[in-house]
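Structure at a glance
Below, each chain spelled out in residue letters.
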Amino acid sequence: MNVATLPPRHHRTTDGRTARAWAALEAVPDPEIPVVSIRDLGILRDVVPGADGVLEIVITPTYSGCPAMSQIAEDIGQALDGAGLAPWRIRSVLAPAWTTDWITPAARERLRAFGIAPPGQCGTPAAVQPLRFVPRAARAGAPDVVACPRCGSVHTQEISRFASTACKALYRCLDCREPFDYFKPY
Ligand SMILES: [Zn+2]
């Protein structure tokens, strides 16, 4: 058999390679909130074996100009290289726009355990989510009622629209007195 006629190695292992890429990328944490991965947050959208043999990683930035995105791209590259999955490229897809609704339920729990109040749903119809313990503010555009991630109290107060990062707001619990970050829904 003429070895020169064999396709490059990555052409023969397309499916396994895609699965290995998902597995490698599952472990890539969000640089700002390391308890959740980029897959948990919905930033990682797809892994596509390109026709040219280059693995294409599709990501959607959380918001345009998010300073974490260049770090995320770097971490993706390191994870893929470390798993021997080169060559790869990253494609940013801006539509549909990322929403906090894409954050998985398990990741919301990890956020809460980490001391960050997870975002309320902004796009889910009420019929899909019949249990809503925290009433939403009636006025459109008004901030949600945010439960304290430590004690669960809804007696909380916004201190600042922006916390450690632009996508979070700083709150304070009026019962346990602890300040905490709220991941703003959008
Ligand atoms: Zn509290």
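Residues numbered from 1 in each chain as written. Predicted model: local features only at pLDDT ≥ 70, side-chain atom pairs only at ≥ 80, totals over all residues. Heavy atoms only, no water.

1. Quick word on the overall build of the protein
Scanning the protein from N- to C-terminus turns up four helices and seven strands. Its helices and strands in sequence order give the protein the pattern α-α-β-β-α-β-α-β-β-β-β, from N to C terminus. Residue burial in the protein is summarised as follows: out of 186 residues, 38% are buried. The long-range share in the protein, meaning contacts at least 24 apart out of those at least 6 apart in sequence, stands at 52%. About 10200 Å² of surface is accessible on the protein, with carbon and sulfur atoms providing 58% of the total. (Helix = DSSP H or I, 4+ residues; strand = E, 2+ residues; numbered from the N terminus. Buried < 20%, exposed > 50% of the residue type's maximum accessible area, 1.4 Å probe, protein only. Contact = heavy atoms within 4.5 Å. Areas by Shrake-Rupley, 256 points an atom, 1.4 Å probe, with all protein chains shown as cover.)

2. Considerations on helix 3 (residues 68-82)
Under the 1.5 Å per step criterion, the end-to-end length of helix 3 is 21 Å for 15 residues, consistent within 8% with the ideal 21 Å. Listed as buried for helix 3 are A68, M69, I72, D75, I76, G77, A79 and L80. Directly beyond the C-terminal end of helix 3, a positive phi value near 70 degrees is found at G84. (Expected span 1.5 Å × (residues − 1).)

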